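Tertiary structure, described
Now for the letters of each chain:
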Amino acid sequence: RILADVFSIYKFFQSQKLDSTVNLKGYQSVNPYITNDGQWMYFSSDKPGGIGGMDIWKVEIDSSGNPSGESINLGKPVNSEYDDVTPFYHERAKTLYFSSNGHDNFGGLDVFKCSYDDDLKLFIVPKNMGNQINSKKDDSYFIIDDALRYGFLSSDRDNCMISDTIYNLCASCYHIYEVTMPDLEFKLSGYVYNEQTNDVIPDAKIEFKDVSFQWEHFSIETDEKGYYEHDLILDLELFLKATKIDYFADAGLVSTIGETESKSYTQDFYLNQIPKGEITI
């Protein structure tokens, strides 16, 4: 069996085989991906220390492309007992895309994604990218642009009519496919309540102030049921303030920065009625 190793290329395309931190005799190490900041390399390997099959690992690298520490198996929930390969890390979204024939797949290799939780310091449970991306065949090497709009993947989903040679009728049938992701949709909604009575407050004013300066400041009003809603866009950071005559204001903050999926936000407001007469401060 022919095994694969990872090489690095630097300084006018001089290549060198990486050491045993990545490559191990008798095992495969493939699919290297370097993060945009050049500090980490993700790769796939079936070397010891994994969960099963091919696992996704990462290793810190120096400016010459050499490992500067021990390689780290990403473990569960990223890796499964089967093959997990072709990692691609999206910096802005803090999301790892990879292919697996484990997890919850349609058949063959499917493209999955899992976001990094900054609080927990780990990747969350992988999510299948769905039948808009995946087929019942192998789908891998997924990449996407910074705006999470356009990408590419490699797949053998179509019938293969070409052979590599006259001796090899089981040809390499992978082709590159372009992917256009649906627009992300964000909706904000909520109610304005009287803090003391929990009654809804109709015709309350909701002010929208975009801290990221993509939108001009504007305001809307709640309906007769104290309800409001408004569509948002990606990478907004909104300061919201609810006001009503004879009430103290209430405020909230909603952000769509870094979101990778459509999402609905709920922001309710609770206004305290201004007491009549003197107020003690």
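Thresholds applied
- Residues numbered from 1 in each chain as written.
- Predicted model: local features only at pLDDT ≥ 70, side-chain atom pairs only at ≥ 80, totals over all residues.
- Heavy atoms only, no water.
- Helix = DSSP H or I, 4+ residues; strand = E, 2+ residues; numbered from the N terminus.
- Rg over C-alpha atoms; globule rule 2.2 N^0.38 Å.
- Contact = heavy atoms within 4.5 Å.
- Areas by Shrake-Rupley, 256 points an atom, 1.4 Å probe, with all protein chains shown as cover.
- Lys, Arg positive; Asp, Glu negative; His and termini not counted.
- Charge placed at Lys NZ, Arg CZ, Asp CG, Glu CD.
- Phe/Tyr/Trp six-rings, centres within 6.5 Å; stacked < 30°, edge-to-face > 60°.
- Buried < 20%, exposed > 50% of the residue type's maximum accessible area, 1.4 Å probe, protein only.
- Pairing = 2+ DSSP bridges.
- Axes fitted to C-alpha atoms, helices over the stretch in contact; angles between N-to-C directions.
- pLDDT = per-residue confidence, 0-100.
- Salt bridge = Lys/Arg side-chain N within 4 Å of Asp/Glu carboxyl O.
- Polar contact = N/O pair within 3.5 Å; in protein donor to acceptor, adjacent residues only side chain to side chain.

1. Some details on the overall build of the protein chain
What the protein chain contains, in helices and strands, is zero helices and 22 strands. Its C-alpha atoms give the protein chain a radius of gyration of 26 Å, clearly above 19 Å, the size a compact globule of 281 residues would have. For the protein chain, restricting intrachain contacts to residue pairs at least 6 apart in sequence, the fraction spanning at least 24 positions comes to 47%. Total accessible area computed for the protein chain in this model is approximately 16,600 Å², and 52% of it derives from carbon and sulfur atoms. Side chains of the protein chain carry 24 positive and 46 negative charges; the gap between the two charge centres is 3 Å.

2. Some points on the packing of aromatic side chains
Scanning all chains against the criterion turns up 14 aromatic pairs. Their ring planes at 65 degrees and their centres at 5.1 Å tell us that Y33 and F88 sit as a pair that is edge-to-face. Placement of the pair is Y33 in strand β3 (residues 29-34) and F88 in strand β7 (residues 84-90), with a sequence separation of 55 residues. Here the two residues Y33 and F88 agree in accessibility, since each one is buried. Residues Y89 and F123 carry aromatic rings whose centres are separated by 6.2 Å and whose planes lie at 85 degrees to one another, so their mutual orientation is edge-to-face. Taken together, the residues span a long stretch of sequence, with Y89 in strand β7 and F123 in strand β10 (residues 122-123) at a distance of 34 residues. Here the two residues Y89 and F123 agree in accessibility, since each one is buried.

3. Examining the environment of K241
As for its placement among the helices and strands, K241 is situated in strand β19 (residues 237-243). Sequence separation between K241 and L253 is 12 residues, and the spatial gap between their C-alpha atoms is 8.8 Å. Sequence-distant contacts of K241, that is, excluding residues within four places in its chain, are made with K205, I206, E207, A249, D250 and A251.

4. Let's talk about the sheet that holds strand β17 (residues 218-221)
Sheet architecture is open: four strands sit in the order β17-β16-β19-β20, paired in antiparallel fashion. Lying at the two open borders of the sheet, with one neighbouring strand each, are β17 and β20 (250-255). With direction set aside, neighbouring strand axes in the sheet form an average angle of 25 degrees. The pairing of strand β16 (residues 205-210) with β17 spans four bridges and is antiparallel.

5. Regarding the confidence of the model for the protein chain
Model confidence for the protein chain is summarised by a mean pLDDT of 89, while 91% of its residues fall at 70 or above. Per-element averaging of pLDDT across the protein chain places strand β1 (residues 7-10) at the bottom with 60 and strand β22 (residues 269-271) at the top with 98.

6. So, unusual backbone geometry
In this structure, P77 follows K76 across a cis peptide bond, with omega equal to 5 degrees. Its place among the elements puts P77 in the loop between β6 (72-73) and β7. With a phi close to 50 degrees, K94 is a non-glycine residue in the positive phi region. As for its placement among the helices and strands, K94 is situated in the loop between β7 and β8 (95-100). Taking relative accessible area as the criterion, K94 reaches 34% and is therefore assigned partly exposed. Look at K121: it is not a glycine, yet its phi comes out positive at around 60 degrees. Relative to the helices and strands, K121 resides in the loop between β9 (110-117) and β10. In this structure K121 comes out as exposed when scored by relative accessible area, which is 58%.

7. Describing the pattern of salt bridges
In this structure the tally under the stated criterion is 11 salt bridges. Note that D183 and R149 form a salt bridge whose closest N and O atoms lie 3.2 Å from each other. Here R149 lies in the loop between β12 (139-144) and β13 (150-155) and D183 lies in the loop between β14 (175-180) and β15 (186-194), a separation of 34 residues in the sequence. Residue classification places D183 among the exposed residues on the basis of a relative accessible area of 52%.

8. Section: the sheet that holds strand β5 (residues 55-60)
Strand order in the open sheet formed by four strands is β3-β4-β5-β6, and the pairing between neighbours is antiparallel. In the strand order of this sheet, the two ends are held by β3 and β6, each with one partner. Examined bridge by bridge, β5 and β6 share two bridges and lie antiparallel to one another. Across the sheet, W57 pairs through a bridge with N73, a residue of β6.

9. Quick word on the environment of Y174
Along the chain, Y174 turns up in the loop between β13 and β14. Using a relative accessible area of 33% as the deciding quantity, one classes Y174 as partly exposed. Measuring from C-alpha to C-alpha, the distance between Y174 and D139 comes to 8.9 Å, with 35 residues separating the pair along the chain. Contact partners of Y174, with chain neighbours within four places excluded, come to D138, S140, S154, S155 and D156. Within the structure, the side chain of Y174 is placed 3.1 Å from the side chain of D138, a separation counted as a polar contact.

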